[in-house]
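Summary of structural features
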Amino acid sequence: MSQVLIATRRNEELTPFLELNGFEVQDVGGDIFKVTRENELPVYLSVSDNNMYFEVDLGNINEIASKELYFSLLDLNTEVLPVSFGINNTNPDDPRLVLVESRETGDLSDQELLAVFDAMELATDKAEVLLSKAV
């Protein structure tokens, strides 16, 4: 008899689901969570309405900013999909290089959510290689 696979679906709350999958989740207030796994950079997760926004802070960009670096980051965006590089300019005196991604929460699956964290981790590794050349 050939193997028959049955897909099941159940709903779980975000924090317990992430904790069961090896993440530490800290509520930092205002519907923002700091999510960490092992020695990786934290992912800041913002939940609003029907969307989740993911962000990894890679540091201040002022000291190493150059036309060549920005071009390399934009070029690298094609390799790190579905996440992308951006600048968080919330504080104009401290612009931050970030990795960002978003998802709708309406029909978010466990695999899709975990895949975002995996993509963030892989993109962070690629960023570290690129940024180490710029420092």
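Sequence order as written defines the numbering, with residues in each chain counted from 1. Per-residue local features of the predicted model are confined to residues with pLDDT of at least 70, and side-chain atom pairs are confined, for both listing and counting, to 80 or more; whole-chain, interface and lining totals are unaffected and use all residues. Only hydrogens and water are set aside when side-chain values are computed; all heavy atoms of the structure are taken into account.

Structural notes on the sheet that holds strand β4 (residues 51-60)
- An order of β1-β2-β3-β4-β6-β5 is seen for the six strands of this open sheet, with the pairing classed as antiparallel. Looking at strand neighbours, the two that pair on one side only are β1 (24-29) and β5 (84-88), the edges of this open sheet. Strand-to-strand twist of the sheet, defined as the mean angle between neighbouring strand axes without regard to direction, takes the value 30°.
- Whether two strands pair depends on DSSP finding at least two bridges between them. Secondary structure elements are defined from DSSP: runs of H or I of at least 4 residues count as helices, runs of E of at least 2 residues count as strands, and each element is numbered from the N terminus. As paired strands, β5 and strand β6 (residues 96-104) are joined by five bridges and run antiparallel to one another. Here an axis means a line fitted to C-alpha atoms, over the contact stretch when the element is a helix, while the angle between two N-to-C directions is reported on a 0 to 180 degree scale.

With respect to the nonpolar core
- To qualify as a nonpolar core, a set must consist of buried Ala, Val, Leu, Ile, Met, Phe, Trp, Tyr and Cys residues joined through side-chain atoms within 4.5 Å. Whether a residue is buried, partly exposed or exposed follows from its accessible area with a 1.4 Å probe, protein chains only, as a fraction of its type maximum: under 20%, in between, or over 50%, in that order. By size, the foremost hydrophobic cluster in this structure holds 30 residues, and its most contacted members are Leu18, Phe54, Phe85, Phe117 and Met120.
- Among the secondary structure elements, those contributing two or more residues to this core are α1 (14-20), β2 (32-36), β3 (43-48), β4, α2 (67-77), β6 and α3 (110-134).
- For this core, the element with the most residues is α3, which contributes nine residues.
- Setting aside chain neighbours within four positions, we find leucine 18 in contact with Phe23, Val25, Val35, Leu45, Leu113 and Phe117. A contact between two residues is defined here by any heavy atoms of the two lying within 4.5 Å.

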